[in-house]
Amino acid sequence: LATMRALRQINPLASTAAILPKHELAFDIRGTAFLEPSAASVRPNPAATSVGMNGVLYTLTPEDFSRVMTTEGVPFVYRLLRCRPIPYKGNSQDAGLRAFLQDNNNNKRVDAFCLTATTTTTTTTTTTRATKKNDIPPSKSYMSVLQRGAREFQLDASYQLVLKQYKVDPYALGGSAEALDLAERVDRGTWFW
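Fair warning: this is a prediction, and the values are worked out from it, not measured in the lab.

The rules we used
Residues numbered from 1 in each chain as written. Predicted model: local features only at pLDDT ≥ 70, side-chain atom pairs only at ≥ 80, totals over all residues. Heavy atoms only, no water. Pairing = 2+ DSSP bridges. Helix = DSSP H or I, 4+ residues; strand = E, 2+ residues; numbered from the N terminus. Axes fitted to C-alpha atoms, helices over the stretch in contact; angles between N-to-C directions. 1 Å grid on protein atoms, 1.4 Å probe; cavity = no way out; pocket = protein on both sides within 12 Å on 5 of 7 lines; lining within 4 Å. Points joined across faces, edges and corners; volume = space filled by probe spheres on them. Nonpolar A, V, L, I, M, F, W, Y, C, P; charged D, E, K, R; others polar. Phe/Tyr/Trp six-rings, centres within 6.5 Å; stacked < 30°, edge-to-face > 60°. Buried < 20%, exposed > 50% of the residue type's maximum accessible area, 1.4 Å probe, protein only. Arc of directions from axis to C-beta. Contact = heavy atoms within 4.5 Å. Polar contact = N/O pair within 3.5 Å; in protein donor to acceptor, adjacent residues only side chain to side chain.

Thoughts on the sheet that holds strand 1 (residues 14-20)
Next, step 1: Pairing in this open sheet of three strands is antiparallel, and the strands run 4-1-6 from one edge to the other. Single-partner strands in this sheet number two, and they are strand 4 (53-59) and strand 6 (86-88). Put simply, the sheet's adjacent strands are angled 45 degrees from each other on average, direction ignored.
Next, step 2: Here three bridges tie strand 1 to strand 6, and the two strands are oriented antiparallel to one another. When the bridges of strand 6 are listed, Ala18 appears paired with Pro87.

Right, dumping it as structure tokens:
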């Protein structure tokens, strides 16, 4: 939520934890080497044996949705992907898993969009996309922003552990977490010299 409010100056109408079956977190958006080497996206994975990926589902006004598309580089860096996540109230334990297991008729899912890499091409039978082993490790700073959001929305403990164990680039300077901290200070009216 801090990223939306402090960095983008967007106040979502609503936000909640959500789980997206048959999808996974990917770091397949190439960034700047030694600074922010990669950015995250959502990768469809129809063959996934795990529950899926956890994340945050935002309800935005049309104007704010347009602003997010602009700041994220749609359609140049990302493209919109229709998806059907399952919202849940996070408890930092297993609320997402339980929501997934209780959704046997798809009646809890909502229509939404997520961001996937523009290099993705999918059909109903094949996904031609880099596999997780080809992902570009993000900076520690970038990953810390994702981990912070996972804690804030109390995503499932198993998913928070996945984020903690994700390989990061030890040589990348980063800056995502620092930019977010600075934006929050400015947003609160806290200035420094």
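Details of empty space enclosed by the protein
Next, step 1: Applying the stated criterion across every chain yields a total of one cavity of 30 Å³ or more.
Next, step 2: Among the secondary structure elements, those contributing two or more residues to the lining of the largest cavity are helix 4 (140-152) and helix 5 (157-165).
Next, step 3: Counted by class, the lining of the largest cavity contains two nonpolar, two polar and two charged residues.

Observations regarding the packing of aromatic side chains
Geometry of an aromatic ring pair is reported as the spacing of the ring centres plus the angle between the planes.
Next, step 1: Summed over all chains, the structure comprises four aromatic pairs.
Next, step 2: Plain terms: the ring middles of Phe27 and Tyr142 are 6.2 Å apart, the flat faces sit at 80 degrees to each other, and that makes the pair edge-to-face. With Phe27 in strand 2 (residues 23-32) and Tyr142 in helix 4, the pair connects residues that are 115 residues apart, well separated along the chain.
Next, step 3: For Tyr142, a relative accessible area of 17% corresponds to the buried category.
Next, step 4: For the pair Phe27 and Tyr166, a centre-to-centre distance of 4.9 Å together with 70 degrees between the ring planes defines the contact as edge-to-face. Taken together, the residues span a long stretch of sequence, with Phe27 in strand 2 and Tyr166 in the loop between helix 5 and helix 6 (176-187) at a distance of 139 residues. For the pair formed by Phe27 and Tyr166, the shared burial category is buried.

Examining helix 5
Next, step 1: The complete set of buried residues in helix 5 reads Tyr159, Gln160 and Leu163. Projected down its long axis, helix 5 shows its buried positions confined to an angular sector of 100 degrees, all on one face. In helix 5, the exposed positions angled more than 90 degrees off the buried face are occupied by Ser158, Lys164 and Gln165.
Next, step 2: Packing partners of the buried residues in helix 5 comprise strand 2, strand 4 and helix 4.

Here we look at helix 2 (residues 62-72)
Next, step 1: For helix 2, the complete set of buried residues consists of Asp64, Val68, Met69 and Glu72. Projected down its long axis, helix 2 carries its buried residues within an arc of 145 degrees, all on one side. Summarising the geometry of helix 2, the exposed residues directed more than 90 degrees from the buried face are Pro62, Glu63 and Thr70.
Next, step 2: Just downstream of helix 2, Gly73 is the residue with a positive phi angle, here 85 degrees.

Focus on the side chain of Gln160
Next, step 1: Looking at where Gln160 falls in the secondary structure, it is placed in helix 5.
Next, step 2: On the accessibility criterion, Gln160 (13% relative accessible area) is buried.
Next, step 3: One polar contact links the side chain of Gln160 to the main-chain carbonyl oxygen of Ala150, over a distance of 3.4 Å.
Next, step 4: For Gln160, the contacting residues outside a window of four places in its chain are Ser92, Ala150, Arg151, Gln154 and Leu155.

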